[in-house]
Amino acid sequence: MRKIIAVDIDGYIAERTPEKSYDFASFTPKREVIEKINTLYKQGHVIIYHTARHPSYYEVTYAWLLAQGCWFHALRMGKMAADHYLDDRNANLEDL
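Each value, and the rule that gives it
- Residues numbered from 1 in each chain as written.
- Predicted model: local features only at pLDDT ≥ 70, side-chain atom pairs only at ≥ 80, totals over all residues.
- Heavy atoms only, no water.
- Phe/Tyr/Trp six-rings, centres within 6.5 Å; stacked < 30°, edge-to-face > 60°.
- Helix = DSSP H or I, 4+ residues; strand = E, 2+ residues; numbered from the N terminus.
- Buried < 20%, exposed > 50% of the residue type's maximum accessible area, 1.4 Å probe, protein only.
- Pairing = 2+ DSSP bridges.
- Axes fitted to C-alpha atoms, helices over the stretch in contact; angles between N-to-C directions.
- Contact = heavy atoms within 4.5 Å.

## Quick look at the packing of aromatic side chains
So, step 1. Throughout the structure, instances matching the rule amount to 6 aromatic pairs.
So, step 2. Ring centres of Tyr49 and Phe72 lie 5.6 Å apart, and the angle between their planes is 80°; this geometry places the pair in the edge-to-face category. Of this pair, Tyr49 sits in strand β4 (residues 46–51) while Phe72 sits in the loop between α2 (58–67) and β5 (74–77); the two residues are 23 residues apart in sequence, bridging distant segments of the chain.
So, step 3. The buried category is assigned to Tyr49, whose relative accessible area is 0%.
So, step 4. A relative accessible area of 13% means that Phe72 is categorised as buried.
So, step 5. Each residue in the set Tyr49, Tyr58, Tyr62 and Phe72 is aromatic and connected to the rest through ring pairs, giving one cluster.

## Some thoughts on the sheet that holds strand β1 (residues 4–8)
So, step 1. Ordered by their spatial adjacency, 4 strands build an open sheet running β5-β4-β1-β6, and the pairing between neighbours is parallel. The two strands at the open ends of the sheet, each matched to only one other strand, are β5 and β6 (84–86). Taking each pair of neighbouring strands and ignoring which way they run, the sheet shows an average axis angle of 30°.
So, step 2. Sitting on the sheet, α2 touches β4 and β5, and the angle it makes with β5 is about 145°.

What follows is the structure in structure tokens.
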């Protein structure tokens, strides 16, 4: 069954660094997690990256996702309704 999967960015697919808290372009990607999310995309699930970042960071966030090889259907600024949330404070990939 095809599912809508919302994936958090900061802390889940991107390592946050306190000294660069708003330098989103320099965040370190979690490659293993990104590959697992890309596998879900290939399986036909709808992948929507979401973040609580201010909308003014949309462009830099979108560019970072592309540069890291993330496959996705949409990027949403703010939380949204979904079947599952993959978040550093919620469900994990192993839960799906």
